[in-house]
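Architecture and fold: a report
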Amino acid sequence: MLDLDPDALLTTTRAVRKRLDFERPVPRALIEECLEIAFQAPNGGNMNNWRWIVVDDAELMAKVAAIYNGGLDDYVAKLDESGGYPGAVVPRADLISTSVDHLRENFHRLPAVLIPVFAGRMEQANVFYQASSWGSIIQSVWSFMLALRARGLGSAWTTGHLWREADLAELLEIPAHFTQVGLFPIAYTKGTDFKPAFRKDASEVIGWNGFG
Ligand SMILES: Cc1cc2nc3c(=O)[nH]c(=O)nc-3n(C[C@H](O)[C@H](O)[C@H](O)COP(=O)(O)O)c2cc1C
């Protein structure tokens, strides 16, 4: 276990792509340990309406990688149609894109990947059901990423493949009424020193006693 106090763990758990160790195997017992920790996060009504699919078979991983890359291709094509990335301009954005490319090129080499899914579809759901459903799994996923980091492993939140969610559902035989949260690489990191990243200043984003 790394020597990180809670604040250090919370502020240095990064999206790791360039520093994932694609060569080093990750024991299933370690993944299970991190998942057991993740399951302790809150979930609405404690219904545990989830399933946690781990792929660690190399042949299957190649197929998952192809779906991930295809999904990102779909996204990029949509962006081109609509005139470019809609997000804010942030420092070191160029580094994000080379890092994203690195994961794309090496995804098939990952020792393992996690696909959390929850029961229910959000297409027709009102905000209550959306917030309750997503809010009942996202915290566990983040706990999983923190638990990995505490043990010298890393991940990155990725949603790119969801442009092709149905393809992955077919590959992994996920029933149609389940929603996929994303794809979460699992690998040891090369080195364990990570730093807090840029975020907008607190004064820009906190509203006391109202939005403004
Ligand atoms: C909802 C969400 C979706 C994301 N999707 C992708 C993705 O498809 N591919 C990828 O490489 N990174 C993805 N990321 C990672 C972000 O790009 C990353 O968190 C961001 O660059 C900030 O880095 P940091 O978390 O280390 O501060 C996603 C992150 C979030 C929270």
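Now for a description of the structure that goes with this document.

Calculation rules
- Residues numbered from 1 in each chain as written.
- Predicted model: local features only at pLDDT ≥ 70, side-chain atom pairs only at ≥ 80, totals over all residues.
- Helix = DSSP H or I, 4+ residues; strand = E, 2+ residues; numbered from the N terminus.
- Rg over C-alpha atoms; globule rule 2.2 N^0.38 Å.
- Buried ≥ 20, exposed ≤ 12 C-beta atoms within 10 Å, placed from the backbone.
- Contact = placed C-beta atoms within 7 Å.
- Core = buried A, V, L, I, M, F, W, Y, C linked by C-beta atoms within 7 Å.
- Near = placed C-beta within 6 Å.
- Nonpolar A, V, L, I, M, F, W, Y, C, P; charged D, E, K, R; others polar.
- Pairing = 2+ DSSP bridges.

1. Digging into the overall build of the protein
Along the protein, the regular secondary structure elements total eight helices and six strands. By the compact-globule yardstick of 17 Å for 212 residues, the protein fits well, its C-alpha radius of gyration being 18 Å. Principal-axis analysis of the C-alpha atoms gives the protein an extent of 50 × 45 × 40 Å. In the protein, buried positions account for 26% of the 212 residues. Considering only residue pairs separated by 6 or more positions, the protein has 90% of its internal contacts joining residues 24 or more positions apart.

2. Describing the nonpolar core
Core analysis: the largest hydrophobic core is formed by 36 residues, its most contacted members being V113, F144 and I186. If you list the elements that add at least two residues to this core, you get α2 (28-38), α3 (58-82), β3 (112-119), α6 (138-150) and β6 (184-189). What V113 contacts, discounting residues up to four positions off in sequence, is V55, M61, V64, L183, F184, P185 and I186.

3. Focus: the site of the ligand
The local shell around the ligand consists of R14, A15, R17, I96, V100, L103, A156, W157, T158, T159, G160 and A197. Tallied by class, the residues present in the shell around the ligand amount to seven nonpolar, three polar and two charged.

4. Quick notes on the pairing of β6
Counting buried positions along β6 gives six out of six residues, so the element sits mostly inside the fold. In this structure, strand β1 (residues 20-21) lies alongside β6, joined through two bridges in antiparallel fashion. Within the sheet, the bridge partner assigned to D21 lies in β6 and is Y188. Of the pairings in the sheet, the one linking β3 to β6 comprises three bridges and is antiparallel in character. Within the sheet, the bridge partner assigned to A112 lies in β6 and is I186. As paired strands, strand β4 (residues 153-154) and β6 are joined by two bridges and run antiparallel to one another. Looking at β6, one finds that L153 is bridged to Y188.

5. As for the environment of G152
Position of G152 relative to the elements: it lies in the loop between α6 and β4. When the 14 C-beta atoms within 10 Å are taken as the criterion, G152 is described as partly exposed. Sequence separation between G152 and T192 is 40 residues, and the spatial gap between their C-alpha atoms is 6.0 Å. When near neighbours in sequence (up to four residues on either side) are disregarded, G152 contacts L2, Y188, T189 and T192.

6. Re the environment of I31
Residue position: I31 is located in helix α2. I31 sits in the buried class, given 21 other C-beta atoms within 10 Å. Taking the C-alpha atoms as reference, I31 lies 17 Å from I137; in sequence the two are 106 residues apart. Discounting chain neighbours no more than four positions away, the residues touching I31 are V26, V54, A112 and I186.

7. Structural notes on unusual backbone geometry
The phi angle at N46 is positive, at roughly 50 degrees, despite the residue not being glycine. Tracing the sequence through the fold places N46 in the loop between α2 and β2 (50-55). For N46, a count of 8 C-beta atoms within 10 Å puts it in the exposed group. We note that N48 has phi near 50 degrees; this positive angle belongs to a residue other than glycine.

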